[in-house]
Amino acid sequence: MKSEAIFFAPFMFSGILSEETLQKVAFPNNNMLEQTLNAQLQLDQYGTGVHSIACVFIALPPPDNGIHDETLIYRRREKEVFAQVKIPYDLVASYDADQVLQLMATTYLQALERLDELRIPNFDSVRLAQDVQRLFETQGWLARETA
Amino acid sequence: MNATFPKPRPIAVPMPPLRPNNGKYLLFCAIACILGVVLYLRMGADEGEEGWRSVDFIEADEVGTPQLTEARRRKLERELEKLRNAEQYALIAAKSGYYPCYSCPDTTHILLYPGEVWKYGVTVGGEKRRYGQSLTRRGLLYLRQLTGEVQVCLEEEKRKIYQYAILPENLKRHKPLKRPPGNKVDR
């Protein structure tokens, strides 16, 4: 099916979810991540190599049937980074919405920190990850590790 | 004066023999036919043996009987396993907005609110990431609703496509749809 970019934005989020995880991941957390990043950061400040970063969170109960896998790719023609990342279902089930948001933010940041492996030309992924981390910390979305 | 001309005598045309003396000819034909059949069968057999022995997906077992190769049998089993692990899903709106409508009689787009169904579908393992890369651009979420044998999932998908007509989110519309906006047919 030809993709129609109806809701295109530099930072985009979606989910592969179940009934149990839908409310905690999608509403309102996905939208909150998307709106905050698009409002606070300009992707073109990091180079011309990436026009958009799309992230899909996978939160499905076991067993894993192998249909939805994690991935991190760079689509050169569209200049789009696509990440599909899993968040542990048992944590999503036991956390409240705010904690799930922290889990999503941490997972997303980890994916950004791996962008360096893709060697995307004309794009400073390291600086982007650092700025996103600062933003998430400001928002209180990164869980602080206790000693 | 009356001249008379003798009637010409009919020329005796030798008649061809009614039954040719072809005993040897018949014998020759019979032998040729038998030889022809034998040669045809042998040729067919030879071609058959060469045929399946020359491909890489058939091998001989201990007694020479053709069977699928190990790699081919494994591939079959993997694909059967995928059919046993199918998913029936719904693509739902992640945000308010206008989404393409293939089942709208007189418009190309329809307003959907978060959580409303855009399409029902079925996927099996191994399909090249059907929606992952386009979910974000299309403002959709993938909601897994059922897992199991592909036949069970297909039946559930069909049930849901038909039942969509009487979902509250559809009944509230001025012109309810027959099926979800993203489903072009009844599957």
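One structure accompanies this document, and this report is about it. Here the residue numbers are simple positions, counted from 1 along each chain's written sequence. Just so you know, chain letters begin at A and ligand numbers begin at 1, following the order they were written in. Local features are withheld for residues below a pLDDT of 70 in this predicted model, meaning they are given only at 70 or higher, and side-chain atom pairs are given and counted only at 80 or more; totals for whole chains, interfaces and linings count all residues. Here the side-chain values reflect all heavy atoms present in the structure, with hydrogen atoms and water set aside.

We now examine the packing of aromatic side chains. All names here are of chain A. Ring pairs are drawn from Phe, Tyr and Trp, using the six-membered ring of Trp, whenever the two centres fall within 6.5 Å, and their geometry is named by plane angle: stacked under 30 degrees, edge-to-face over 60, tilted for the rest. Under the counting rule described, the total for this entry stands at seven aromatic pairs over all chains. Aromatic side chains F13 and F57 sit 6.0 Å apart centroid to centroid with 5 degrees between the ring planes, which places their arrangement in the stacked category. In this pair, F13 sits in strand β1 (residues 11–17) while F57 sits in strand β2 (residues 52–59), placing the two residues 44 residues apart along the sequence. Here the aromatic rings of Y108 and F136 are separated by 6.3 Å at their centres, their planes lie at 45 degrees, and the arrangement is tilted. Taken together, the positions of Y108 in helix α3 (residues 97–113) and F136 in helix α4 (residues 125–139) put the pair 28 residues apart, joining distant regions of the chain. An aromatic cluster is present here, built from F13, F57, Y108, F136 and W141 joined pairwise through their rings. Only DSSP runs of H or I covering at least 4 residues are called helices, and only runs of E covering at least 2 are called strands; the numbering of each starts at the N terminus.

Residues and elements named next belong to chain A. In this analysis a 1.4 Å probe is tested at points of a 1 Å grid over the protein atoms alone, and where it fits but cannot get out there is a cavity; an open set with protein on both sides within 12 Å along at least five of seven lines is a pocket; lining residues have an atom within 4 Å of a point. Grid points are joined across faces, edges and corners, and a volume is the space filled by probe spheres set on the points. Summed over the entire model, instances satisfying the criterion amount to one cavity of 30 Å³ or more. Among the elements that line the lining of the largest cavity, the one with the most residues is helix α1 (residues 19–40), at five residues. Residues of the lining of the largest cavity, tallied by class, amount to five nonpolar, two polar and two charged. When residues are sorted by character, Ala, Val, Leu, Ile, Met, Phe, Trp, Tyr, Cys and Pro go into the nonpolar class, Asp, Glu, Lys and Arg into the charged class, and all the rest, Gly among them, into the polar class.

Once that is clear, we can look at the nonpolar core. Remark: nonpolar core denotes a set of buried residues (Ala, Val, Leu, Ile, Met, Phe, Trp, Tyr, Cys) joined through side-chain atoms within 4.5 Å. In this scheme, a residue with accessible area under 20% of its type's maximum is buried, one over 50% is exposed, and one in between is partly exposed, where area comes from a 1.4 Å probe on protein chains only. I53, F57, Y108, L128 and F136 of chain A are the most contacted members of the largest nonpolar core, which totals 74 residues. The element best represented in this core is α3 of chain A, accounting for nine residues. Excluding residues that lie within four positions of it along the chain, F136 of chain A makes contacts with L33, L37, A105, Y108, W141 and L142 of chain A. Within the second largest apolar cluster, five residues are counted, among which are V122, V124, V150 and C153 of chain B. In this analysis, two residues are considered to be in contact whenever any of their non-hydrogen atoms come within 4.5 Å of each other.

Moving on, we come to the interface of chain A and chain B. Interface size is often expressed as the accessible area that is lost when the parts come together. With 38 residues of chain A at the contact, the number on the chain B side is 37 residues. Accessible area that two parts lose when put together, with a 1.4 Å probe and added across both, is what the buried area reports. With both sides pooled, the region where chain A packs onto chain B buries about 2900 Å², and carbon together with sulfur makes up 57% of that total. For R137 of chain B, the salt bridge identified is with E80 of chain A, shortest N-O distance 3.0 Å. For this analysis, a polar contact is any N or O atom pair within 3.5 Å, provided that within protein one partner can donate a hydrogen and the other can accept it, and provided that sequence-adjacent residues contribute only side-chain to side-chain pairs. Our enumeration of links across chain A and chain B arrives at 11 residue pairs in polar contact (both at pLDDT 80 or more). The term salt bridge refers to a side-chain nitrogen of Lys or Arg lying within 4 Å of a carboxyl oxygen of Asp or Glu.

With respect to topology, seven strands assemble into an open sheet ordered β3(A)-β4(A)-β2(A)-β1(A)-β7(B)-β3(B)-β6(B), the strand pairing being mixed. Strands at the two margins of the open sheet, each flanked by one partner only, are β3 (71–75) of chain A together with β6 (117–124) of chain B. On average, adjacent strands in this sheet sit at an angle of 15 degrees to one another, irrespective of strand direction. Where β1 of chain A and β2 of chain A come together, seven bridges link them in parallel fashion. Along β2 of chain A, the bridge assignment pairs L17 of chain A with A59 of chain A. Orientation is described by lines fitted to C-alpha atoms, with helices fitted over the stretch in contact, and by angles between N-to-C directions that extend from 0 to 180 degrees. Its contacts with the sheet put α1 of chain A on β1 and β2 of chain A together with β3 (86–93) and β7 (140–148) of chain B, and the angle it makes with β1 of chain A is roughly 175 degrees. Any two strands with at least two DSSP bridges between them are considered paired.

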